[in-house]
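Architecture at a glance
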Amino acid sequence: MAALGAGLEAIFAPRSIAIIGASQDATKIGGRPVELLRRFGFPGAIYPVNPRATEVQGLPAFPSVEALPEAPDLAIISVAAEAANAALDACASKGVKAAVIFSSGFAELGEAGLAMQDRLRATAQRSGMRVLGPNCLGAASVAERSIATFSVVLENGLPPVGPLGIASQSGNIGSYTALLARERGIGASRFITTGNECDVDIADAIAFLARDDATKVILCVLETCRDAARLTGALEMAREAGKPVIVLKIGASEAGQAAAASHTGALAGSNAVFDAVFRRAGAVRVYSVEQLLDLGHAAAVLGDRLPEGRRTMLLTASGGFGVLLADAASSAGLSLPSPSEATQRRILDVVPYASPRNPVDATAQMSSRPEILETILAALLEDDACDALLVLMSASLYLPRLRGVYMPTLRAVREKHPDKVVMLAVHGPADAVAELTAMGFPVVDGVGPSTQTLAGLCELAAARSLPPLPPALPPAPPLDAEALRTEAGAKRILAAAGVPVLPERVVASAAEASEAAAAMGFPVVLKIVSPDLPHKTEVGGVVLGVGDVEAVAAAHDAMLARVRAAAPRARIDGVLVSPMVRGGTEMILGAKRDPVFGPVVLVGLGGIFAEVIQDVAMRPAPVDEAEAMTMLRSLKAFPVLDGARGRPKADLVATAAAIAALSRFAAQHAADIAEIDINPLLVRAAGEGAVALDALIVADTK
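Note that this is a predicted model, so its numbers are computed, not measured.

What counts, and at which threshold
- Residues numbered from 1 in each chain as written.
- Predicted model: local features only at pLDDT ≥ 70, side-chain atom pairs only at ≥ 80, totals over all residues.
- Heavy atoms only, no water.
- Disulfide = S-S within 2.5 Å.
- Buried < 20%, exposed > 50% of the residue type's maximum accessible area, 1.4 Å probe, protein only.
- Helix = DSSP H or I, 4+ residues; strand = E, 2+ residues; numbered from the N terminus.
- Pairing = 2+ DSSP bridges.
- Right-handed = clockwise from strand over helix to strand, strands pointing away.
- Expected span 1.5 Å × (residues − 1).
- Axes fitted to C-alpha atoms, helices over the stretch in contact; angles between N-to-C directions.
- Parallel < 35°, antiparallel > 145°, perpendicular 65-115°, else oblique.
- Contact = heavy atoms within 4.5 Å.
- Nonpolar A, V, L, I, M, F, W, Y, C, P; charged D, E, K, R; others polar.
- Polar contact = N/O pair within 3.5 Å; in protein donor to acceptor, adjacent residues only side chain to side chain.
- pLDDT = per-residue confidence, 0-100.
- Core = buried A, V, L, I, M, F, W, Y, C linked by side-chain atoms within 4.5 Å.

Let us now look at the state of the cysteines. Applying the stated criterion across every chain, the model contains zero disulfides. Unpaired in this structure, Cys198 has its nearest cysteine sulfur neighbour in Cys136, at a distance of 9.0 Å. Here Cys225 stays unpaired: no disulfide links it, and the sulfur of Cys220, its closest cysteine neighbor, is 10 Å away. Residue Cys225 is classed as buried on the basis of its relative accessible area of 8%.

Right, here's the structure in full:
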């Protein structure tokens, strides 16, 4: 397989282009690229290939690829699927560097189509030619006027030249993104859709844009991942190049979770795993095309000037809008600190009846005179608690009088505070928005969209300080399958890997249970040991807080009777006796091998309601202790661990060590373990450690 992003120069900056299946009719798929190339002024040679015409749209046509006067850098193949392989073979023989295949009717239609697509892949690999598609909308390079697409969105014009690179697996969503970019006046560098990905894939597209001088921000529309190592490698290339990647991930199905054997399996759905991969790589996920463009454009406008934190000052001319804006900002995860007393005095000095707290309601007086607005803006920007300022201007710029106040004032503020992050929530007009953007202000239309965009900028800023990816660990020897059958065996294996467990003993009789309990001290816990009963409480297979020898013997026999009645066919290996531990916070700690990305580790609030609460942090495995601590701090339940409401602070160091140990174990045993579930991991007070009270290891059965 070709190196990431290699050879795509022939698609984006070709010196000559052949269109195989070129049509006289500019409305047909084979005619549209010819018309667009001519209309937008492609500077290189254009070679229509059509065996039934000597001229296509005013250009000399050629009967075959072999008849071309030179080997073009790029060939566009727009023929029936059955003829595509022959066309690609001819391109390979001619020495064409790259091909874009519009034709559909391949893997998306089943086995016969897949076989034809495999032939395309084989030709690409044999010849070294880069092949985009099949079943794709192609690519375009704005500055070079290289149009290798039949997308109708270009019929009304190209986007302006700019820093946004658009890479999409979906042709229609990718082209719609380009359409909205043009309508908003947002500049783009490249546009590429990868379709069925017989050769060039989304990772190639990201990697090329990461190295592309014309691209500063990468917008990605992702449907699936066919090669995890290539995708994560490309995302890492973008991070190393300092180029933000913003991902619209669609089609992240959670199908199959109902059959998961553990809490971990249910929590680590495919959508959550994609989130974890993006988070590890520093890519920011969005959930609509509009968010994709809002955040991408804002990141491009700001460049390196990203917020240092989430502390945001809000400025409005309306109390109602202030409340609305504060609600949206809080929902987006922004922090709203109160301005200092000195800042509030500066505001009240110019607008005595303003509300100077955050959000700041400066009333309509803020736009009455430029000096008033400039004083308020400067006061907020110079406040030590301000990482970013969001100004809600709504539709003010449609009024010439207000525009005459805002525009020069904002220009002056930009000149005096060039490094400050100021976002403007503005509803048109287009020429004013363009002017503000040129000043260096990201402009977003809407209350919710502006706060979401600012929160996304905070995520991009935080991604810049992410540590390098941890090195891969060598695989460990296969585990003894017998040891994975029960909780007791799982705990022995995990203890050897560094996960803390209690001193326990498996017994075969009531007398042995009483003896073991007396040796370890009361109270104790009794659990059934069976490879067929992963959820022991459901069959009455757990007894807590047994306080003396006689009670242990009675509880042992009664539990066996309950279990045998509830699950008469279950194999029973004995009863596990362990010390009863009180206090602490129950967490869930687990790992799962994702079919695409491999092992992931997760931690969250535990207990029987873990799947209901869904408060988990997840990362690809392995993680080190520092990243494990970051996972803990990202939990909504973190205040519980950090001493909320007078609780003792939890032993976060021990918990992070357990997470890291499990992640290393999961990474090294990815070949033979499907899931690991530790629920609960009891986290005790600081200095007292954390301990796995229950554990389940699900072996790979494939």
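Further notes follow.
The side chains of a regular strand alternate, residue by residue, between the two faces of the sheet. Among the six residues in strand β12 (residues 217–222), six count as buried, and that is most of the element. Of the two faces of β12, the one holding Val217, Leu219 and Val221 and the one holding Ile218, Cys220 and Leu222 are both buried throughout. Pairing analysis gives five bridges linking strand β10 (residues 161–168) to β12, with the strands arranged parallel. When the bridges of β12 are listed, Ala167 appears paired with Cys220. The pairing of β12 with strand β13 (residues 245–249) spans five bridges and is classified as parallel. Across the sheet, the residue bridging to Leu222 is Lys249, located in β13. A crossover connection joins β12 to the parallel β13 through helix α7 (residues 228–240); in handedness this β-α-β unit is right-handed.

Right, let's talk about helix α14 (residues 400–416) for a bit. Counting along an α-helix, one turn takes 3.6 residues, and residues three or four places apart therefore face a common direction. When the terminal C-alpha atoms of α14 are compared, their 24 Å separation across 17 residues agrees well with the 24 Å that a helix rising 1.5 Å per residue should span. Listed as buried for α14 are Leu402, Val405, Tyr406, Met407, Thr409, Leu410, Ala412, Val413 and Arg414.

Moving on, we get to the packing of helix α12 (residues 341–350) against helix α13 (residues 370–381). Here α12 crosses α13 at 175 degrees, and the two axes come no closer than 9 Å. The pairing of α12 with α13 is recorded here as roughly antiparallel in orientation. Across from Thr343, Arg346, Ile347 and Val350 in α12, the residues of α13 making contact are Ile372, Thr375, Ile376, Ala378, Ala379 and Leu380. Partitioned by chemical class, the residues of the contact of α12 with α13 number seven nonpolar, two polar and one charged.

Strands sit in the order β16-β15-β17-β18-β19 across an open sheet of five strands; the sheet is parallel. This sheet does not close on itself; its edge strands, each paired only once, are β16 (360–361) and β19 (443–444). As paired strands, strand β15 (residues 312–316) and β16 are joined by two bridges and run parallel to one another. When the sheet's bridge partners are listed, Thr316 is paired in β16 with Asp361.

In this section: the side chain of Glu197. Tracing the sequence through the fold places Glu197 in the loop between β11 (188–193) and α6 (202–211). Judged by its relative accessible area of 6%, Glu197 is buried. Within the local environment of Glu197, its side chain forms a polar contact with the side chain of Thr194, the two groups lying 2.8 Å apart. Discounting chain neighbours no more than four positions away, the residues touching Glu197 are Arg121, Gly133, Gln169, Ile202 and Arg226.

Another point: the confidence of the model for the protein. Summary statistics for the protein give a mean pLDDT of 93 and a share of 96% for residues scoring 70 or more. Of the regions scoring below 50 in pLDDT, residues 255–266 engages in 31 contacts with residues more than four places distant in sequence or in other chains.

Our focus in this paragraph is the nonpolar core. Within the largest apolar cluster, 111 residues are counted, with the highest numbers of intra-cluster contacts made by Ile192 and Leu457. When residues of this core are assigned to their parent elements, the largest contribution, eight residues, is made by α6. Residues within four places of Leu457 in sequence aside, it is in contact with Leu295, Ala298, Ala299, Leu302, Leu306, Pro307 and Met423. In this structure, Leu484, Leu589, Leu632 and Ile673 belong to the second largest nonpolar core, which totals 38 residues.

To continue, consider the sheet that holds strand β20 (residues 505–507). Backbone hydrogen bonds are what pair the strands of a sheet, in a parallel or an antiparallel way. Across the sheet, four strands lie side by side as β20-β23-β21-β22; this open sheet has antiparallel pairing. What marks the edges here is a single partner per strand, and that holds for β20 and β22 (542–546). Taking the axes of each pair of neighbouring strands and ignoring which way they run, one obtains an average angle of 25 degrees across the sheet. Across six bridges, strand β21 (residues 524–529) lies against strand β23 (residues 574–579) in antiparallel orientation. Pairing of Ile528 across the sheet is with Val575, part of β23. Docked against the sheet, helix α18 (residues 510–520) engages β20, β21 and β23, running at close to 160 degrees with respect to β20.

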